[in-house]
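The residues making up each chain are set out below.
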Amino acid sequence: MSTTPAVAEDLVVLGKIVSVHGVRGEVKVYSFTDPIDNVLDYQRWTLRRDGEVKQVELASGRLQGKVLVAKLKGLDDREIARTYAGFEICVPRSELPDLDDGEFYWYQLHGLKVIDQAGQLLGVVDHLFETGANDVMVVKPVAGSLDDRERLLPYTEQCVLTIDLAAGEMRVDWDADF
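If you check an unreviewed UniProt entry, the protein chain appears there as Ribosome maturation factor RimM from Pseudomonas berkeleyensis. Annotation of the protein chain in UniProt includes, under Subcellular location (unreviewed entry), the sentence "Cytoplasm".

Given below as structure tokens:
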């Protein structure tokens, strides 16, 4: 295990180590990928927690029920594995697969200005989360926003009209019937 990290701004969080699993130093992983076992496609992880950064290599991993279990190279002790709980699992953006036109990673949407059809600034995308029906954007007000309301907008074709990453904005129809 190395301690030489990738450039922090170049990292994307794909999951988090939540606890130890078993007695051989394996760890339980909460994955933010879809499907959840896609995090196991990356052999080198940068682990990050409270300013501490570690480089690790994935030896193996598996889906066990609804839980991901990972074995890291050189990590064979349960008590040492326990100290890894809380570390975010990151990989360089450059390792993410290319997406088709019109598809975006969530990290690309963070910070985009959200503008309605009348040209009014509603705020910026703070984060997204999943629901059973669709993903939802949390839009927080900023200076110059229409008002001081936080909005939850569905990330659907009916609501999101255009996304322009170069301009740093998305146009939405937030009055649409969802």
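Some words on the sheet that holds strand S5 (residues 67–72)
With antiparallel pairing, the 6 strands of this closed barrel are ordered in space as S1-S2-S5-S4-S3-S6. Across the sheet, the mean angle separating the axes of adjacent strands is 50° when strand polarity is ignored. Here 6 bridges tie strand S3 (residues 44–49) to strand S4 (residues 52–64), and the two strands are oriented antiparallel to one another. Considered in S4, the bridge of Leu 47 is made with Lys 54.

Some words on the packing of aromatic side chains
With the rule as written, the count across this model stands at 3 aromatic pairs. With a centroid separation of 5.5 Å and an interplanar angle of 70°, the aromatic rings of Tyr 30 and Phe 32 are classed as edge-to-face. In this structure Phe 32 comes out as partly exposed when scored by relative accessible area, which is 46%. Ring plane angle 15° and centroid distance 5.9 Å describe the contact between Tyr 105 and Tyr 107, whose orientation is recorded as stacked. Over the ring of Tyr 84 we find Lys 54; its NZ or CZ atom is 4.2 Å from the centre of that ring.

Quick look at the pattern of salt bridges
Scanning all chains against the criterion turns up 12 salt bridges. Put simply, Arg 24, Glu 26 and Arg 62 are held in one network by salt bridges that share partners.

Quick word on the sheet that holds strand S8 (residues 121–130)
Reading across the sheet, the 6 strands line up as S10-S9-S8-S7-S12-S11 and stay open at both edges, with mixed pairing between neighbours. Two strands in the sheet have a free side with no partner beyond their single neighbour: strand S10 (151–154) and strand S11 (160–164). For this sheet the average axis-to-axis angle between neighbouring strands, irrespective of direction, equals 35°. Strand direction decides the pairing type here: S8 and strand S9 (residues 135–140), joined by 6 bridges, are antiparallel. Among the inter-strand pairings, Glu 130 is bridged to a residue of S9, identified as Asp 135.

Scoring rules and cut-offs
Residues numbered from 1 in each chain as written. Predicted model: local features only at pLDDT ≥ 70, side-chain atom pairs only at ≥ 80, totals over all residues. Heavy atoms only, no water. UniProt positions renumbered as here; feature names shortened; annotations may be inferred. Pairing = 2+ DSSP bridges. Helix = DSSP H or I, 4+ residues; strand = E, 2+ residues; numbered from the N terminus. Axes fitted to C-alpha atoms, helices over the stretch in contact; angles between N-to-C directions. Phe/Tyr/Trp six-rings, centres within 6.5 Å; stacked < 30°, edge-to-face > 60°. Buried < 20%, exposed > 50% of the residue type's maximum accessible area, 1.4 Å probe, protein only. Lys NZ or Arg CZ within 6 Å of the ring centre and 35° of its normal. Salt bridge = Lys/Arg side-chain N within 4 Å of Asp/Glu carboxyl O.

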